[in-house]
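Chain by chain, the residues:
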Amino acid sequence: MSYASLLATLDAWFSRGSADAGPGVVPCRRGCSACCHGPFDISPADAALIAEGVAALPEAERSAMHARARSQLSRCAALLPGWGPPWLVAAVEELAFDTLTEQLAGDPCPALDPGGGCGLYEHRPATCRMTGLAMDLGSNERLDNHCPIQADFPAYAALQATPFDLQRFEDEAEVHDARAADRGHASTTVAGAIEAALRGPGTRG
């Protein structure tokens, strides 16, 4: 199974949950960017996926997205001195990275265009696809829905979790992460992946 096919299982989970909720209940859809703020870590497979998306963009869009990514990375460097290309999440302590994400929580994702549309929607990471519904993991376990505007939609906020075999997904994702790592991709942020896509994976400085 390709990584795109694996991500499609997440998309199917979301579509199923949205359909079960009924028409108009789930506001999370393409064009909504309420959750598209603040840096977060992505896997090597997601970084490789973003590189594909960046390469497919028209030159003007790619240049503008790169400028937004560099701007966010400059803010990251100012808040976390010593962190720089290739922007590896593993290169900083977990607490320091968590603090950074809190400080930049309101920063728009560099993949967003000025109108709030995602320029990498078809190539968005797994984390983006998992936001918008609560996930039923089985054995009375769940992942909560982290949509920041769900309180504005009572019927949406009250939805039951939609079942998904996350363990199987993560096991298969590890295989794709290993393959992507062999090609020079690494766990970074969306901005870091955009930067790497234009410099070449694994490039420093």
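In short, a report on the structure. All values derive from a computational prediction rather than experimental measurement.

Cut-offs applied
Numbers given for residues are sequential positions, taken from 1 along each chain in its written order. At least 70 in pLDDT is required for a residue's local features to be given in this predicted model, at least 80 for side-chain atom pairs to be given and counted, and no such filter applies to totals for whole chains, interfaces and linings, which use all residues. Side-chain measures here rest on the full set of heavy atoms in the structure, leaving out hydrogens and waters. Each helix corresponds to a stretch of at least 4 residues labelled H or I by DSSP, and each strand to a stretch of at least 2 residues labelled E; elements are numbered beginning at the N terminus. Computation of the radius of gyration draws on C-alpha atoms, with the globule rule given as 2.2 Å multiplied by the number of residues to the power 0.38. Contacts are residue-level and defined by heavy atoms, with any inter-residue pair within 4.5 Å sufficient. Only the protein chains shown count as cover for residues, and the accessible areas themselves come from Shrake-Rupley with a 1.4 Å probe. When two rings of Phe, Tyr or Trp (its six-membered ring) have centres within 6.5 Å they constitute a pair, described as stacked for plane angles under 30 degrees, edge-to-face for angles over 60, and tilted for the intermediate range. In this scheme, a residue with accessible area under 20% of its type's maximum is buried, one over 50% is exposed, and one in between is partly exposed, where area comes from a 1.4 Å probe on protein chains only.

### What to know about the overall build of the protein
Across its full length, the protein holds 8 helices and 3 strands. Starting at the N terminus and ending at the C terminus, the protein contains elements arranged as α-α-α-α-α-β-β-α-β-α-α. The C-alpha radius of gyration computed for the protein amounts to 17 Å, which stays within 12% of the reference 17 Å derived for 205 residues, consistent with globular compactness. Expressed as lengths along the three principal axes of its C-alpha atoms, the size of the protein is roughly 50 × 35 × 35 Å. For the protein, the share of sequence-separated contacts (at least 6 apart) that also reach a separation of at least 24 residues comes to 79%. Surface accessibility of the protein: about 10700 Å² in total, with carbon and sulfur atoms responsible for 53%.

### As for the environment of Pro-58
By secondary structure assignment, the location of Pro-58 is in the loop between helix 2 (44-56) and helix 3 (59-79). Along the sequence, Pro-58 and Glu-94 sit 36 residues apart, while their C-alpha atoms lie 36 Å from each other.

### Remarks on the packing of aromatic side chains
Tallying each qualifying case throughout the model produces 6 aromatic pairs. Seen from their ring centres, Trp-83 and Trp-87 are 5.2 Å apart, and the 85° between their planes marks the pair as edge-to-face. For Trp-83, a relative accessible area of 6% corresponds to the buried category. An angle of 55° between the planes, with centres 6.0 Å apart, marks the rings of Phe-164 and Phe-169 as tilted. Exposure remark for Phe-164: the relative accessible area of 12% places this residue in the buried category.

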